[in-house]
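Chain by chain, the residues:
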Amino acid sequence: MTAPTRRLTRSTSDKWLGGVCGGLAEYLGWDSTLVRLLFVASCLLPGPQFLIYLVMWVVIPKR
């Protein structure tokens, strides 16, 4: 028997802005607060983190 496939979706129940961090947390099996803190900490570093978040918001489907 094969294991059920996991799909990355935006969370509709655990969201603050777009549900991306909540969806990533559900997919990875992590706490959503940890994912959000990691995202905010990464925004302090140079790079396109906010742009990546916006792209994920558009690309990842809602549950």
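What you are looking at is a predicted structure, and each value in this text was computed from that prediction instead of being measured. (Residues numbered from 1 in each chain as written. Predicted model: local features only at pLDDT ≥ 70, side-chain atom pairs only at ≥ 80, totals over all residues. Heavy atoms only, no water.)

(A) Summary view of the side chain of T9. Relative to the assigned elements, T9 resides in the segment before α1 (20–28). Residue classification places T9 among the buried positions, given a relative accessible area of 14%. If we ignore the near neighbours within four places in the chain, the residues touching T9 are G23, I60, P61, K62 and R63. (Helix = DSSP H or I, 4+ residues; strand = E, 2+ residues; numbered from the N terminus. Buried < 20%, exposed > 50% of the residue type's maximum accessible area, 1.4 Å probe, protein only. Contact = heavy atoms within 4.5 Å.)

(B) Region of the structure containing the packing of aromatic side chains. For the structure shown, the criterion picks out 2 aromatic pairs. Between F39 and Y53, the ring centres sit 5.1 Å apart and the planes meet at 40 degrees, which makes this aromatic pair tilted. With F39 in helix α2 (residues 32–43) and Y53 in helix α3 (residues 49–59), the pair connects residues that are 14 residues apart, well separated along the chain. By relative accessible area, Y53 is classed as buried at 7%. Geometrically, the ring pair formed by Y53 and W57 is edge-to-face, given 6.2 Å between the ring centres and 70 degrees between the ring planes. On the criterion of helical spacing, the pair formed by Y53 and W57 is a turn pair, its members being 4 residues apart in helix α3. Members of the aromatic cluster, each reached through a chain of ring pairs, are F39, Y53 and W57. Residue placement shows R6 over the ring face of Y27; its charged tip is 4.4 Å from the ring centre. (Phe/Tyr/Trp six-rings, centres within 6.5 Å; stacked < 30°, edge-to-face > 60°. Lys NZ or Arg CZ within 6 Å of the ring centre and 35° of its normal.)

(C) Structural detail: the nonpolar core. Counting residues in each nonpolar core, the largest one holds 5 residues, listed as V20, C21, A25, V35 and Y53. When residues of this core are assigned to their parent elements, the largest contribution, 3 residues, is made by α1. If we ignore the near neighbours within four places in the chain, the residues touching Y53 are L17, G18, G19, V20, C21 and F39. (Core = buried A, V, L, I, M, F, W, Y, C linked by side-chain atoms within 4.5 Å.)

(D) Summary view of the pattern of salt bridges. In total, this model carries 2 salt bridges according to the counting rule given. As a salt-bridge pair, R36 and D14 come within 3.3 Å of each other at their nearest N and O atoms. Taken as a pair, R36 in helix α2 and D14 in the segment before α1 lie far apart in primary sequence, 22 residues in all. According to the relative accessible area criterion, R36 is buried, its value standing at 11%. With relative accessibility at 27%, the residue D14 sits in the partly exposed group. Across the pair E26 and R63 runs a salt bridge, and its minimum N-O distance is 1.9 Å. Placement of E26 in helix α1 and of R63 in the segment after α3 is noted, with a sequence separation of 37 residues between them. For E26, a relative accessible area of 38% translates into the label partly exposed. (Salt bridge = Lys/Arg side-chain N within 4 Å of Asp/Glu carboxyl O.)

Worth remembering: the numbers are spatial, not functional.
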